[in-house]
Amino acid sequence: MSERRSSAIRRASPMTGTPAQQAPVEPVLDMDEIQGIAVPGFFKPHQTLVYVHLPRQRDAIDKFRGLLREFLPAVATAAKTLKDRREHRQIAASLRAVSPRRRAPARQATNREVLVAVAFSAPGLLKLTPGASEIPSPAFQGGMAARASLLGDPRGRGADGSPANWVVGRPGEELDLLIIVAGDERELVSTEAEAIIKRLLGIGALVAKQDGDAREGKFAGHEHFGFDDGVSQPGIRGRASVAADDFVTNRHIDPSDRPAAWLYGYPGQDLVWPGEFVLGYPATGPDPLLPGPLSRARPAWTRNGSFLVYRRLRQDVGLFWRTMRDEAGRLAKLDGFQGLTEDRLAALLVGRWRSGAPFNRVPLGDNEDLGKNPLANNNFLFDSDSPKLSLMNGQTDPYDMAKADPVGITCPWGAHIRKVNVRDSGSDIGGRVATYSKRLLRVGVPFGQSLEDHYGEGRDPQNGDRGLLFLSIQSSIENQFEFLQARWMNDPSRPKMPGGNDMIVGQNAAAEGGVRRCTIFGSGLQQEQVSAPNQWVIPTGGGYFFVPSITALREVIAR
Amino acid sequence: MAVLSRFDPPAFMSDLDRIPGGREQWHEFMSMVFNWAIASEQGVVAPAAGSSAGTVQFFNAAAWDPGEPIIEQAVTWNAFPKELLVRFGRARALVEADRLWPMEAYHSEDYDPAKPGQAVLDASSRSWYRPHDEYCEWHVDREPATGRIRKVTFTSEPPEYWQAIFGGEVPIDTGVSYRFTGNPEIVLDLYRTLVSPEVRVEDLVFSETTQDGKRGDYNFYNKWNSTHGIAHLAAPPNSLSAEAKLGADATVLRGSASGQPVATADALVCCAGYGGPERNSDPTIGAAVNALARLGAMITLVNPVGLYMDHIDLSGWEVPDGIDPHDCVNIIRGKPGMIERMVVEVPAGSSRFVSDITIGGEPVRYGGQIAECITVKLVGGATKLHSVQNGLTPCNSRCCLDPANASRLRDPIGWDAPTPIGFIDALGAEPPSAATLVAVSAHLALPLVSAPRPPIRPLATRSRARRLLA
């Protein structure tokens, strides 16, 4: 049996003497090789996805290769995208200095440039290079339609959401290419997309497109249920050049506040080793400050490439809010849940209020200033009281800090943000590693017009066709996207209990009718289940794609 | 509220009802395990400023009435051994997980059966265990001629439970053990029903007295629970008393050298040394318990104390011939949500094999692929939040890693132990200096695992590092 250590706490290691404090040395990323959609990500309010089926004939494929070679300079590199992003950050910062309450306005910060990314499915890549079959990713090789049952998508032919009913990427009709055109102005994006489409049609490809646009006005940046989406993104570790502090992800914590200054970009924005998003770089190791093993690029030409997941998700806004209204009404009659409103219930299930303010920082009600403040809206822990951090340039986070909530009494373990990111808690796969190794860079955008009356009880000229063009970047589809969807969001016991299904985006194909449930606590620690018998986020298409490096495009695919 | 009147057997299983006094003995044993675990923390827990003694925050529900309701929190983890994943990568981990390892391998974190010469050493090993340390073990039954999988059997039954049914002494600590009356015939009957009708009593016991046990004592690693089948957990860290000790250890609040609370899962398991830092189970259990302890709660394990498979996730499972995957899973002992023994096989009457099942399109080639779908749990309970204020106990230990191959944390070493050459301290125990960041890996010289062989028995600790705190 182990004996107690003596109470003398500190001792220097006899091997190293008193250690020097040192920040992690971050790798220099190949900014001219990696496509900008992967690093730092597009994050533009207007996107057009161009769906492409390539012809099989040899000469048409050769023509496509020629087209790709000509088009190559227009593909946005990480360098170009980061430059654009930095210009935006500067404009946003100066606007905030003038008017602190304003969020980074997309309209004012316009850049006439349009960003373009090119991604290939396994069958599409195989038409161009036999090396495609060597990419050792069962998900990529199988395609999303083949993996749909793992993701919890309904199976029956008549079922909404079943791959047979997808509008894009259904079995037998998987896309070959996905081209993403993104920019600050809808007109410019559309013009560029049309030009690309015209040239593809010219070589005999089958082409279609899907527009996605950030919502306007007071819902700018919010997805269709009304919530500010994309508040929490991982911060990619890495430098854009050999300069010691030319970081791809900006730092905001005062360098004297260690180790927080080494762990976060914005407060709470985990810095994640780049191998989680781009092949050929160090990925997560057991110590977040030390580079882990390389994410292997196999075959070698996949280095500097990434995987892209596309899910066209239709959102039944009316069903969501009617269910919130009805469930809140039912629960409000129960002891411990008096006064529960639909807004509060929805915020409990998301983990944030509509403004983006984290529920566990302001459990009593929304705080729009907090929601819009990037120095505060992602700064919270779950298992411990969240500490105040010192920020650069004398900035402050003046709001109440979140209190320890390990059991999920304040913010339920079934809440969407807890289902996909456990932060400082452990999970069913052990310690903190999941916080770094199961992250996605989300670069999607909503589509469709907003629903005027959010219960959906009036007329809907769009006929329900609105939702999210979900796009995520990761270095492993199986270990990141599929893990989060299948293992955590769809499962009632993981990552932790008491939890339940992710009510927002989880699916529960195993249950009768796909009913989803999760547990919430009342004011006197009573536990009740929220239940949603019908699906309000319905997959209507998608695919798994590979985003090659510029050299791979030129030397392997287009050669 | 009142004290718990009786500790029930895991999953309320009824085998001990067949032995006069069996249930009462189980209750006494469990109570003793709790009391031992609590006592072991008495010298460890630190008093708050101004107090003379700390309060151990782990309690025995049969001995102490909190006077308030207990909130139950199940802690869940994945059944597939993460240590194998980080050591070998998934492809090879699946192969190793379906094999048995020699007992000597347990005490080396660098054991690799593929190392030249290792196989020769392994051949002389007398007992073998399943390298499954997440409280769920499985046995794969293959058709000899083709290797196709006929059946995979999973268990989470603790070895002490089977010892209780058989009879004999269960060691809890040095000089501390409990003697069960038991009845070997009942164990024989169970083996014959669950494993094979060919089991004989002689197979289940030590045939002669050695350091492993006395002649006639129950042998956890008998062939019907290792090479020829599976009855219950037997891997060294998979014991009920280790579970209780882990729970108790994790209630101790820990502080870093600078006086900050140690709170994250990895940092805690390294600092307190209560388990394997690269397992799914120990860091998660420890973190969940410690988070409640930091809230000043009193913590216990909820009756019936045990380890359970919570459920198996069949998403993505496809079975040919229109067979429903649910028909391929049978709970043999325990019940849904508290599964103790589960078998996966294609329904009788079908000519198909488990090998014909695909998960996400991948054919099942190893039992471990099914283990990846299984969630294991224990159920903790917390009460009297904010009632206890203890001080911070300094770290016992710390973990290192190889910076040239930073794929896993090594087992915790004593706080004052020198950092092994080629390794650096991890997780802020000793922030890496510039010199150590370029250290060269010392892998080249790691020795083959060869002994001395420790006695074989399930241990009362999750920690493999026996050199801890030497």
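Quick caveat: nothing in here was measured; it's all calculated off a predicted structure.

### Here we look at the overall build of chain B
Secondary structure assignment for chain B yields 11 helices and 21 strands. Computed over C-alpha atoms, the radius of gyration of chain B comes to 22 Å, within 12% of the 23 Å expected from 2.2 N^0.38 for 470 residues, which places it in the range of a compact globule. C-alpha atoms of chain B, sized along the principal axes, occupy 70 × 60 × 50 Å. Split into buried and exposed, the 470 residues of chain B put 63% on the buried side. In chain B, once contacts between residues fewer than 6 apart in sequence are set aside, the share between residues at least 24 apart is 70%. Computed over 41 positive and 55 negative side-chain charges, the separation of the two mean positions in chain B equals 3 Å.

### A word on the state of the cysteines
All names here are of chain B. According to the stated counting rule, one finds 2 disulfides over all chains in the structure shown. Between C270 and C399 runs a disulfide, and the two sulfur atoms are separated by 2.2 Å. Note on the C270 and C399 pair: the S-S dihedral is about -100°, so by sign convention the disulfide is left-handed. Here C399 lies in the loop between strand 18 (397–398) and strand 19 (400–401) and C270 lies in helix 8 (residues 265–272), a separation of 129 residues in the sequence. One exposure class covers both C270 and C399, and it is buried. A disulfide bridge connects C271 with C395, and the sulfur atoms are separated by 2.2 Å. As the torsion about the S-S bond is roughly -100°, the C271-C395 disulfide counts as left-handed.

### Brief notes about the side chain of Q507 of chain A
Residue and element names in this part refer to chain A. Take Q507: it is sitting in the loop between helix 13 (477–489) and strand 11 (516–521). There is a polar contact of 3.2 Å between the side chain of Q507 and the backbone oxygen of L151. A polar contact of 3.5 Å, which involves the side chain of Q507, links it to the backbone oxygen of G152. Dropping the residues within four chain positions of it, Q507 is found in contact with L151, G152, D153, P154, R311, Q485, N490, R516, Q535, V537 and P539.

### Quick word on unusual backbone geometry
Residues and elements named next belong to chain A. Following R258, the chain continues to P259 via a peptide bond in cis, the omega torsion being 0°. With a phi angle near 50°, F43 is a residue other than glycine that sits in the positive phi range. Mapped onto the elements, F43 comes out in the segment before strand 1 (46–53). On the basis of relative accessible area, F43 is assigned to the partly exposed category, the value being 34%. If you check the backbone angles, N393 has positive phi at about 55° while not being a glycine. Relative to the helices and strands, N393 is located in the loop between helix 10 (368–372) and helix 11 (416–420). Overall, the relative accessible area of 72% leaves N393 in the exposed class.

### Some remarks on the side chain of D8 of chain B
Residues and elements named next belong to chain B. Its place among the elements puts D8 in the segment before helix 1 (22–42). D8 sits in the buried class, given a relative accessible area of 12%. A polar atom in the side chain of D8 sits 3.1 Å from the side chain of R23. Here D8 is in contact with R23, W26, N303, P304 and V305, once residues within four sequence places are set aside.

### Examining the confidence of the model for chain A
Low-confidence regions, as indicated by low pLDDT, have predicted coordinates that should not be scrutinised in detail. All names here are of chain A. Residue-level pLDDT values for chain A average 90, and 94% of them are 70 or greater. Taken element by element, chain A is modelled with least confidence in helix 2 (residues 78–98), mean pLDDT 88, and with most confidence in strand 1, mean pLDDT 98. In this model residues 1–21 is a low-confidence stretch, pLDDT under 50, and it forms 46 contacts with partners more than four residues away in sequence or in other chains.

### So, the nonpolar core
In terms of nonpolar packing, the biggest core is built from 129 residues, with F154, I312 and I370 of chain B touching the most fellow members. Take this core: its biggest share by element is 8 residues, from helix 1 of chain B. Residue contacts for I312 of chain B: discarding those within four places in its chain leaves W317, V329, M342, V344, I370, C373 and I374 of chain B. In terms of nonpolar packing, the next biggest core, distinct from the first, is built from 95 residues, V52, V189, Y399 and I429 of chain A among them.

### Some points on the packing of helix 1 (residues 58–71) of chain A against helix 6 (residues 186–202) of chain A
Residues and elements named next belong to chain A. Between helix 1 and helix 6, whose axes approach to 11 Å, the crossing angle comes to 150°. The pairing of helix 1 with helix 6 is recorded here as roughly antiparallel in orientation. For the pair helix 1 and helix 6, the contacting residues are F64, L67, E70 and F71 in the first and E192, I196, R199 and L200 in the second. Along the lines of polarity and charge, the residues of the contact of helix 1 with helix 6 split into 5 nonpolar, no polar and 3 charged.

### Quick word on helix 7 (residues 240–250) of chain B
Residue and element names in this part refer to chain B. With 11 of 11 residues buried, helix 7 is to be regarded as a mostly interior element. Restricting attention to buried positions, one finds in helix 7 the residues L240, S241, A242, E243, A244, K245, L246, G247, A248, D249 and A250. Along its buried surface, helix 7 packs onto helix 1, helix 4 (159–166), helix 9 (281–294), strand 9 (298–301) and strand 16 (374–383).

### Here's the deal with the pattern of salt bridges
One pass over the full model with this rule turns up 68 salt bridges over all chains. Residues R494 of chain A and D313 of chain B are paired through a salt bridge, measuring 3.0 Å at the closest nitrogen-oxygen approach. Taken together, the residues span two chains, with R494 of chain A in the loop between helix 13 and strand 11 and D313 of chain B in the loop between strand 10 (308–312) and strand 11 (317–318). The residues R494 of chain A and D313 of chain B share a single accessibility class, namely buried. Note that E68 of chain B is salt-bridged to K384 of chain B, the shortest N-O span being 4.0 Å. One end of the pair, E68 of chain B, is in the loop between helix 1 and strand 1 (71–78); the other, K384 of chain B, is in the loop between strand 16 and strand 17 (393–394), and 316 residues separate them in sequence. What makes E68 of chain B partly exposed here is its relative accessible area of 33%. Among the residues examined, K384 of chain B registers a relative accessible area of 24% and is labelled partly exposed. Beyond isolated ion pairs, a larger network of salt bridges with shared partners links E83, D133, R279, D282, D411, R462 and R464 of chain B.

### Remarks on the confidence of the model for chain B
Residues and elements named next belong to chain B. Residue-level pLDDT values for chain B average 90, and 93% of them are 70 or greater. Here residues 431–446 is a poorly scored stretch, pLDDT under 50, and it has 28 contacts once near neighbours within four places are set aside; other chains count. Both scores are given for the predicted complex: the pTM is 0.92, the ipTM 0.89.

Cut-offs used in this document
- Residues numbered from 1 in each chain as written.
- Chains lettered and ligands numbered in written order.
- Predicted model: local features only at pLDDT ≥ 70, side-chain atom pairs only at ≥ 80, totals over all residues.
- Heavy atoms only, no water.
- Helix = DSSP H or I, 4+ residues; strand = E, 2+ residues; numbered from the N terminus.
- Rg over C-alpha atoms; globule rule 2.2 N^0.38 Å.
- Buried < 20%, exposed > 50% of the residue type's maximum accessible area, 1.4 Å probe, protein only.
- Contact = heavy atoms within 4.5 Å.
- Lys, Arg positive; Asp, Glu negative; His and termini not counted.
- Charge placed at Lys NZ, Arg CZ, Asp CG, Glu CD.
- Disulfide = S-S within 2.5 Å.
- Polar contact = N/O pair within 3.5 Å; in protein donor to acceptor, adjacent residues only side chain to side chain.
- pLDDT = per-residue confidence, 0-100.
- Core = buried A, V, L, I, M, F, W, Y, C linked by side-chain atoms within 4.5 Å.
- Axes fitted to C-alpha atoms, helices over the stretch in contact; angles between N-to-C directions.
- Parallel < 35°, antiparallel > 145°, perpendicular 65-115°, else oblique.
- Nonpolar A, V, L, I, M, F, W, Y, C, P; charged D, E, K, R; others polar.
- Salt bridge = Lys/Arg side-chain N within 4 Å of Asp/Glu carboxyl O.

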